[in-house]
Amino acid sequence: MSEAPPAARARVATSGLVLLAVTSLAWGLSWPVSKYVISEWPPLPARGIPGLVGSLLLFAYARARGDDLRVPVALWPRLLVSAFFNVTLWMVVMGLALLWMPAGETAVIGYSMPVWTALLAWPLLGERLTATRVLALVLGFGGIAALMGADGFAASAAKLPGVALALTGAIGFALGTIFLKRYPIALPGATSAAWQIGIGCIPVTAAGLAFGVPDVAATTLYGWAGLAYLTLIQFCLAYLCWFAALQRLPASVAAIGTMAVPVIGVVAAAIALHEPLGLGQIAALVMVLAGVALATRG
């Protein structure tokens with residue numbers, strides 16, 4: 001087969017970058033939106049219910065495309081493990097972390113996941129731990145330390161549970177990424193996302209409703225708008241754009257592109273929720289982003 005002409009490759013790259021930009025914007029804005037929603041709903045139902053509805057919409061989209069929704073028996077163990085690390089664990093700990101930490105700071109720690117992926121790939125995948133990856137890890141730790149010292153000792157101590165939860169989510173997502181590298185799930189993108197989000201959000205929703213049912217009557221118009229955003233934009237549009245971007249761009253470019261997510265989250269939270277955006281937060285953001293950039297390259 002002949003190689004695609006430069007004009008065609010440029011169109012593919014441009015469309016991939018546009019899709020990546022939409023994904024990063026949607027995921028970045030979801031952090032302050034989630035922070036607001038959990039002020040009206042308990043954190044687990046606020047995360048799980050939009051995910052369940054979003055998965056149903058993704059199933060409908062996949063069916064409309066003519067994709068096969070069936071999962072081969074051999075893939076079910078992979079699907080369940082990936083759904084736990086990449087959806088269930090992430091949803092639970094990040095939703096709870098927002099109770100102790102500002103949305104922007106939670107996003108910064110959460111999106112340190114490529115740093116942990118680079119570190120854990122050494123013992124789990126046998127990938128060489130290069131000097132670049134060691135530096136990435138140091139920068140990641142430095143960014144978290146900068147966040148902890150940004151508002152003084154008392155404030156830092158109060159944020160410790162949130163920091164621990166956000167770190168758990170980032171490391172868990174890194175483990176899920178490594179698992180998928182070793183045991184990929186051979187399903188169409190929309191079908192894979194629909195199954196993983198649906199399966200992963202069932203225990204989140206069930207646990208959340210067992211401990212606290214949302215007061216639907218007291219939910220404000222802004223609360224419903226936030227829930228609609230999480231359902232339609234965070235879970236549906238962003239995931240569809242993400243999988244489409246991965247088809248058009250090198251994985252390294254896509255991974256580095258997601259570095260815009262915490263930047264958008266920090267700035268949006270500062271504007272919409274009046275969260276602090278001082279030198280400590282900016283230093284933490286720069287250090288974590290630098291660590292992520294090095295981790296994805298080295």
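Before reading further, recall that the structure is shown in the block above.
Predicted model only: the values in this text are computed from it and were never measured. (Residues numbered from 1 in each chain as written. Predicted model: local features only at pLDDT ≥ 70, side-chain atom pairs only at ≥ 80, totals over all residues. Heavy atoms only, no water.)

Colleague: Just give me the short version of the packing of aromatic side chains, but keep the residues and values in it.
Modeller: In total, this model carries 12 aromatic pairs according to the counting rule given. Between Trp27 and Tyr239 the ring centres are 5.5 Å apart and the planes differ by 70°, which places this aromatic pair in the edge-to-face class. Here Tyr239 lies in helix H9 (residues 221-248) and Trp27 lies in helix H1 (residues 6-37), a separation of 212 residues in the sequence. By relative accessible area, Trp27 is classed as buried at 11%. Where Phe59 meets Trp195, the ring centres are 5.0 Å apart and the plane angle is 85°; that geometry is what we call edge-to-face. Here Phe59, found in helix H2 (residues 43-65), pairs with Trp195, found in helix H8 (residues 189-211); they are 136 residues apart in sequence, far enough to count as distant. One aromatic cluster in this structure is built from Trp31, Trp90, Tyr111 and Phe173. (Phe/Tyr/Trp six-rings, centres within 6.5 Å; stacked < 30°, edge-to-face > 60°. Helix = DSSP H or I, 4+ residues; strand = E, 2+ residues; numbered from the N terminus. Buried < 20%, exposed > 50% of the residue type's maximum accessible area, 1.4 Å probe, protein only.)

Colleague: Go over unusual backbone geometry with me, naming the residues and quoting the values.
Modeller: The backbone of His274 sits at a positive phi, close to 55°, despite the residue not being glycine. You can see His274 is positioned in the loop between helix H11 (260-272) and helix H12 (279-297).

Colleague: Requested: an account of the layout of surface pockets, with residues and values cited.
Modeller: Left-over empty space is what a probe sized like a water molecule reveals as it rolls over the atoms. Size it by volume and the largest pocket reaches roughly 1,400 Å³. Surrounding the largest pocket, 43 residues form its lining, Phe173, Thr177, Leu180, Trp242 and Leu246 being those nearest its centre. Of all elements in the fold, only H1, helix H3 (76-97), helix H5 (113-125), helix H7 (153-182), H8, H9, helix H10 (251-257) and H12 reach the threshold of two or more residues within the lining of the largest pocket. Top contributing element to the lining of the largest pocket by residue count: H9, with seven residues. Partitioned by chemical class, the residues of the lining of the largest pocket number 25 nonpolar, 14 polar and four charged. Of the volumes computed, that of the second largest pocket is approximately 180 Å³. Lining the second largest pocket are Tyr61, Arg65, Gly189, Ala190, Leu240, Phe243, Ala244, Gln247 and Arg248. Elements with a contribution of two residues or more to the lining of the second largest pocket: H2, H8 and H9. (1 Å grid on protein atoms, 1.4 Å probe; cavity = no way out; pocket = protein on both sides within 12 Å on 5 of 7 lines; lining within 4 Å. Points joined across faces, edges and corners; volume = space filled by probe spheres on them. Nonpolar A, V, L, I, M, F, W, Y, C, P; charged D, E, K, R; others polar.)

Colleague: Describe in detail the environment of Leu96, supporting the description with residues and values.
Modeller: Locating Leu96 in the fold gives a position in helix H3. Placed 49 residues apart in sequence, Leu96 and Arg47 show a C-alpha to C-alpha distance of 9.9 Å. In this structure, Leu96 is in contact with Pro43 and Leu165, ignoring residues within four places of it in sequence. (Contact = heavy atoms within 4.5 Å.)

Colleague: Please provide a residue-by-residue account of a nonpolar patch on the surface, values included.
Modeller: Together, Val18, Val22 and Leu237 make up an exposed nonpolar region whose accessible area comes to about 210 Å². Along the polypeptide, Val18 turns up in helix H1. (Patch = residues over 30% accessible without salt bridge, like charges linked within 9 Å, V, L, I, M, F, W, Y side chains within 5 Å. Areas by Shrake-Rupley, 256 points an atom, 1.4 Å probe, with all protein chains shown as cover. Salt bridge = Lys/Arg side-chain N within 4 Å of Asp/Glu carboxyl O.)

Colleague: I'd like to hear about the pattern of salt bridges, residue by residue, with values.
Modeller: Should the charged atoms of two oppositely charged side chains come close, the side chains can pair. Under the counting rule described, the total for this entry stands at three salt bridges. Among the ionic pairs, Asp67 bridges to Arg65, the shortest N-O distance being 3.2 Å. A relative accessible area of 14% means that Asp67 is categorised as buried. What makes Arg65 exposed here is its relative accessible area of 52%. Its salt-bridge partner being Lys159, residue Glu105 comes within 2.9 Å of it at the nearest N-O pair. Highlighted residues: Glu105 in helix H4 (residues 103-110) and Lys159 in helix H7, separated in sequence by 54 residues.

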